[in-house]
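# Observations on the three-dimensional arrangement
Read off the chains here:
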Amino acid sequence: MAPEERASRAVALCFLPFINTATSLAPSVTTSSACFGMARSSSSLLLVFFVLCCCSCVRGFRSRHAPARHDYRDALSKSILFFEGQRSGRLPAGQRMSWRRNSGLSDGSAMHVDLVGGYYDAGDNVKFGFPMAFTATMLAWSVIEFGGVMKGEVANARAAVRWATDYLLKATAVPNTVFVQVRFRSSFISRFLPLLLKPIYLQVGDASSDHACWERPEDMDTPRTVYKVDASNPGSDIAAETAAALAAASLVFRKSDPAYSKLLRNRAINVFEFADKHRGAYSDRLNHVVCPFYCSYSGYQDELLWGAAWLHKATRNPSYLNYIQVNGQTLGADESDNTFGWDNKHVGARILLSKAFLIQNLKSLHDYKGHADNFICSLVPGTPTSQAQYTPGGLLFKMGDSNLQYVTSTSFLLLAYAKYLTYSSKVVLCGGATVTPKKLRSIAKRQVDYILGDNPARLSYMVGYGARYPKKVHHRGSSLPSVVSHPAKISCSAGFTGLYSPAANPNTLTGAVVGGPDSSDRFPDDRNDYEQSEPATYINAPLVGALAYLAHSAGQL
C-alpha cells in the first residue's frame, strides 16, 4: 500500500467513530488505536506527523468546530440531582441534596405494611403511585438508551431509578412462594395466581388534606392514608404502568445487579398479569381520591399496550409479542392521540415497538413503524400532517398546566426514534416531505435549548442552571426554611407564610424543571401559580436521557 493510501486510510479510520456515533454512541477505542497504528506503519516521519494531527483534530472536532451554547453535562448532572430533593423515607448517607431530611417513616403503618420510600411527585407531600411509576419507566428508558454515554452520571441515574423501584416492589409485594415460581408456573397457578396477589398500594397521603397545608415533608402531620387496587377494585392503568416500570428497570440492572434485575422482571410479570386479568381504570372506583390530580383520562388500554411492550423487551418471551399482535388494535395502537405523558402511553408504546421492528427486524411489528411515523409527522412544522402548536419563541405547546412535561417527553422520543432510524438507515415520510433523523435531533435540541435559556425571556426553566432561573418554585420543602436551619416544627397553617412570601425560596431545588411558560412565552415566577411554577419528577425523567445524548453529541461526555 502506498504511503498516500495509508495516510488516507488512517484519516478515514479517525473519522469512523464519529460517523458511527448515531448507531454506536461511544467512539470506538479500536478505531482510534487503528488510527495511530496506521500512522506508525508509515515510513515517512512527515506522514506520521500529518496523520497524528488529523487524528487529533478529528477527535476534538465536535467541541471545537461547533461549540455548544449550553453545558449539557452540567444540566444532566443537575437533572438527576433533582430526584434527591423528592425522596421520601430514610435518606442514605450519600444524600447530596443536604437540606432535606428523613420523612414519611411510618408510611403504610395504617395498613400494617411497609410503604416507606419512593418519591413525592411534585411540590406536595403525597406519594402518587401512577406518576411515580411513569417516572421510573422513563428514568429507566433514559438509562437504557443513553446510559452508555452518561459516564460518571450513570451511577446516579441508576440510583434514581432504584429509589423508585424499591418502593414499587413494596407496593406490589406478594408471597415469595408465588413469586419464585412465576416464570415456571403451571396452568393451575397461572389461572389462580391473580387471586393470590396482595393488593397494589397506589397512594400514600390524602391529597385534599395535604393541599390544605403548606408544610415541609419532615413535618407532615396530615393523614398518611393508604389506597390500593385489588381484584374487587381494579386498576389496570396503574398496575400495567407499574409493570412497565419494573420491567424497564430490570434492563437497567441486568448487568450491574442480576439478582435485583431478576426480582424486578418476575414482579413485572406478576403485576402485568394482575392488570390484564382484572381490567378497569383505577380512577373509576377511586375518583374521590385521585381526581382531579391524577385521573386516568385516557383509560387503561394504553398502559396495557405499554406494559406488554416493556415485558416483551425485558423477558424476550414470545407470549408478549403474541399478546401485542392479538390485542394491539383494541388497545389503541393506531389511535391518533399524540400526547405522551403520565396519563397516555400510546405514543411511547409505538416508538418502543418500532424499535423492535427497526433494530431487531421483527417483521410482525412493521405497522408500529407507521404508527410512530404518524406521531413524528404530527410534530414537524411544514409537513402536510403537522398538527403541533408552538409558541412564538418556538416551544412545543400542548397545554397550559405543566406544559414542559410534554416538551421533555417528546424530545426524548424524538432522539430515541432518531437513533433507531439511523441504525436501520430509515427516514420518515410525511406526505411529500422526507424527515431525516438529523431533523428529529434538531427539533429535540431546539426544545431542550429553550428549556435551558434560549427563549424570549432568556430564562432557564431548570432551577440552578444558568444565570437566571425560577426562584419562587411551587414546592413546600424548597420554599420553607430547612430543618437544618430551622429545627423547630413549622405547622400546617404557619407554612403558608412561605407560600405567599415575595422572597426567593430559601432552599435551591437544584435541577428541578418547572411547568414552564404560557403559550405566549410568558412566565411570572409566581410560587402560587402551580401550573407554571411547580416541578415534577415526570418532567425531569425523560429529560435525563435527552441531556445525556446532547452532552455526548457536543463532546461534553
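Conventions adopted
Residues numbered from 1 in each chain as written. Predicted model: local features only at pLDDT ≥ 70, side-chain atom pairs only at ≥ 80, totals over all residues. Heavy atoms only, no water. 1 Å grid on protein atoms, 1.4 Å probe; cavity = no way out; pocket = protein on both sides within 12 Å on 5 of 7 lines; lining within 4 Å. Points joined across faces, edges and corners; volume = space filled by probe spheres on them. Nonpolar A, V, L, I, M, F, W, Y, C, P; charged D, E, K, R; others polar. Helix = DSSP H or I, 4+ residues; strand = E, 2+ residues; numbered from the N terminus. Expected span 1.5 Å × (residues − 1). Bend = angle between axes of the 7 residues up to and from the residue. Buried < 20%, exposed > 50% of the residue type's maximum accessible area, 1.4 Å probe, protein only. pLDDT = per-residue confidence, 0-100. Contact = heavy atoms within 4.5 Å. UniProt positions renumbered as here; feature names shortened; annotations may be inferred. Polar contact = N/O pair within 3.5 Å; in protein donor to acceptor, adjacent residues only side chain to side chain. Core = buried A, V, L, I, M, F, W, Y, C linked by side-chain atoms within 4.5 Å. Disulfide = S-S within 2.5 Å. Salt bridge = Lys/Arg side-chain N within 4 Å of Asp/Glu carboxyl O. Phe/Tyr/Trp six-rings, centres within 6.5 Å; stacked < 30°, edge-to-face > 60°. Lys NZ or Arg CZ within 6 Å of the ring centre and 35° of its normal. Axes fitted to C-alpha atoms, helices over the stretch in contact; angles between N-to-C directions. Parallel < 35°, antiparallel > 145°, perpendicular 65-115°, else oblique. Left-handed = near helix turned anticlockwise from the far one by under 90°.

## With respect to empty space enclosed by the protein
Throughout the structure, instances matching the rule amount to five cavities of 30 Å³ or more. The volume enclosed by the largest cavity comes to roughly 50 Å³. If you trace the largest cavity, you find it lined by Gly85, Gln86, Arg100, Tyr120, Ala122, Gly123, Asp124, Asn125, Pro217, His475 and Gly477. Of the residues contributing to the lining of the largest cavity, the split by class is three nonpolar, six polar and two charged.

## Let's talk about helix α24 (residues 537-553)
Taking 1.5 Å per residue, 17 residues should reach 24 Å; α24 reaches 25 Å between its end C-alpha atoms and fits that length. At Leu543, α24 is bent by approximately 30°, the largest bend along its length. Counting buried positions along α24 yields 16 of 17 residues, so the element is predominantly enclosed.

## Section: unusual backbone geometry
Negative phi is the rule for most residues except glycine; trans is the rule for most peptide bonds. The omega torsion across Cys291 and Pro292 is 10°, close enough to zero to call that bond cis. The backbone phi angle of His112 is positive, close to 60°, even though this residue is not glycine. You can see His112 is positioned in the loop between α5 (72-85) and β1 (127-128). Even without a glycine there, the phi angle at Asn361 is positive, about 60°. Locating Asn361 in the fold gives a position in the loop between α17 (346-358) and α18 (366-379). Relative accessible area serves as the criterion here: at 45%, Asn361 is assigned to the partly exposed category.

## A few points about the confidence of the model for the protein chain
Across the protein chain, pLDDT averages 85, with 82% of residues at or above 70. Counting contacts from residues 1-65, a segment whose pLDDT is below 50, to residues more than four positions away or on other chains yields 65 contacts. Confidence drops under a pLDDT of 50 for residues 174-197, and excluding neighbours within four residues, the segment shows 34 contacts in the predicted structure.

## Examining the UniProt feature "active site" (unreviewed entry) in the protein chain
Under the local residue numbering, the UniProt record ascribes the feature "active site" (unreviewed entry) to His474, Asp525 and Glu534. These residues run over 61 residues, yet every pair of their C-alpha atoms falls within 10.0 Å of each other. Beyond its immediate chain neighbours, meaning those up to four positions away, His474 contacts Gly123, Trp214, Leu499, Arg527, Asn528, Tyr530, Ser533, Glu534 and Pro535. Within the local environment of His474, its side chain forms a polar contact with the backbone oxygen of Arg527, the two atoms lying 2.7 Å apart. Considering the arrangement of structural elements, one finds Asp525 in the loop between α22 (496-499) and α23 (530-533). Apart from residues no more than four positions distant in its own chain, Asp525 is found in contact with Pro470, Lys471, Lys472 and Ser533. A polar contact of 3.1 Å, which involves the side chain of Asp525, links it to the backbone nitrogen of Lys471.

## Some remarks on the nonpolar core
One finds Trp141, Phe272, Trp310, Ile351, Ile376, Tyr417 and Leu547 to be the most contacted residues of the largest nonpolar core, which totals 153 residues. Looking at this core element by element, the count peaks at 12 residues for helix α11 (residues 236-252).

## A look at the state of the cysteines
Inspection of the entire model under this criterion finds three disulfides. The residue that forms a disulfide with Cys291 is Cys295, at a sulfur-sulfur distance of 1.9 Å. Disulfide partner of Cys377: Cys430, at an S-S distance of 2.0 Å. The chirality of the disulfide connecting Cys377 with Cys430 is left-handed, given an S-S dihedral of about -85°. Taken together, the residues Cys377 in helix α18 and Cys430 in strand β4 (residues 428-430) connect sequence positions 53 residues apart. Neither residue differs from the other here; Cys377 and Cys430 are each classed as buried.

## As for the pattern of salt bridges
When the charged atoms of two side chains lie near each other, side chains of opposite charge can form a pair. A full pass over the atoms with the stated rule returns 20 salt bridges. A salt bridge links Arg216 to Asp219; the shortest N-O distance between them is 2.7 Å. The same class applies to Arg216 as to Asp219, namely buried. Connected through shared salt-bridge partners, Asp107, Lys127 and Arg224 make up one network.

## With respect to the side chain of Ser402
Summarising the element assignment, Ser402 is placed in the loop between α18 and α19 (404-424). Setting aside residues up to four positions removed in sequence, Ser402 forms contacts with Gly515, Glu531 and Ile539.

## Here's the deal with the environment of Lys489
Counting through the fold element by element, Lys489 comes out in the loop between α21 (476-479) and α22. A relative accessible area of 48% places Lys489 in the partly exposed class. Measuring from C-alpha to C-alpha, the distance between Lys489 and Met220 comes to 9.4 Å, with 269 residues separating the pair along the chain. What Lys489 contacts, discounting residues up to four positions off in sequence, is Glu215, Arg216, Asp219 and Asp221. Here Asp221 takes part through its side chain, which lies 3.2 Å from a polar atom of the side chain of Lys489.

## Digging into the environment of Cys295
Within the secondary structure, Cys295 is located in the loop between α14 (287-290) and α15 (301-315). C-alpha of Cys295 to C-alpha of Phe130: the two residues are 165 residues apart in sequence and 9.3 Å apart in space. Discounting residues that sit within four places of it in the chain, Cys295 has contacts with Ser283, Val290, Trp342 and Asp343.

## Regarding α15
The terminal C-alpha atoms of α15, which comprises 15 residues, lie 21 Å apart, in line with the 21 Å expected from a rise of 1.5 Å per residue. Looking one or two residues beyond α15, the residue adopting positive phi is Arg316, at roughly 60°.

## Remarks on the packing of aromatic side chains
One pass over the structure, following the stated rule, counts 22 aromatic pairs. Each ring, one from Tyr450 and one from Tyr461, has its centre 6.4 Å from the other, and the planes form 10°; the classification is stacked. Here Tyr450, found in helix α20 (residues 437-452), pairs with Tyr461, found in the loop between α20 and α21; they are 11 residues apart in sequence, far enough to count as distant. By relative accessible area, which is 0% here, Tyr450 ends up buried. The lysine or arginine in question, Arg87, covers the ring of Trp163, its NZ or CZ lying 4.5 Å from the ring centre. Across the ring face of Tyr469, the terminal group of Lys471 is positioned such that the distance to the ring centre comes to 5.0 Å.

## Observations regarding the packing of helix α6 (residues 129-146) against α11
Between α6 and α11, the shortest axis-to-axis distance is 8 Å and the interhelical angle comes to 25°. Taken together, the axes of α6 and α11 lie roughly parallel to each other. The way α6 lies across α11 gives a crossing that is left-handed. Between α6, through Gly129, Phe130, Ala133, Phe134, Ala136, Thr137, Ala140, Val143 and Ile144, and α11, the contact on the second element is made entirely by Asp237, Ile238, Glu241, Thr242, Ala244, Ala245, Ala248, Ala249, Leu251 and Val252. In the contact of α6 with α11, the residues fall into 14 nonpolar, three polar and two charged.

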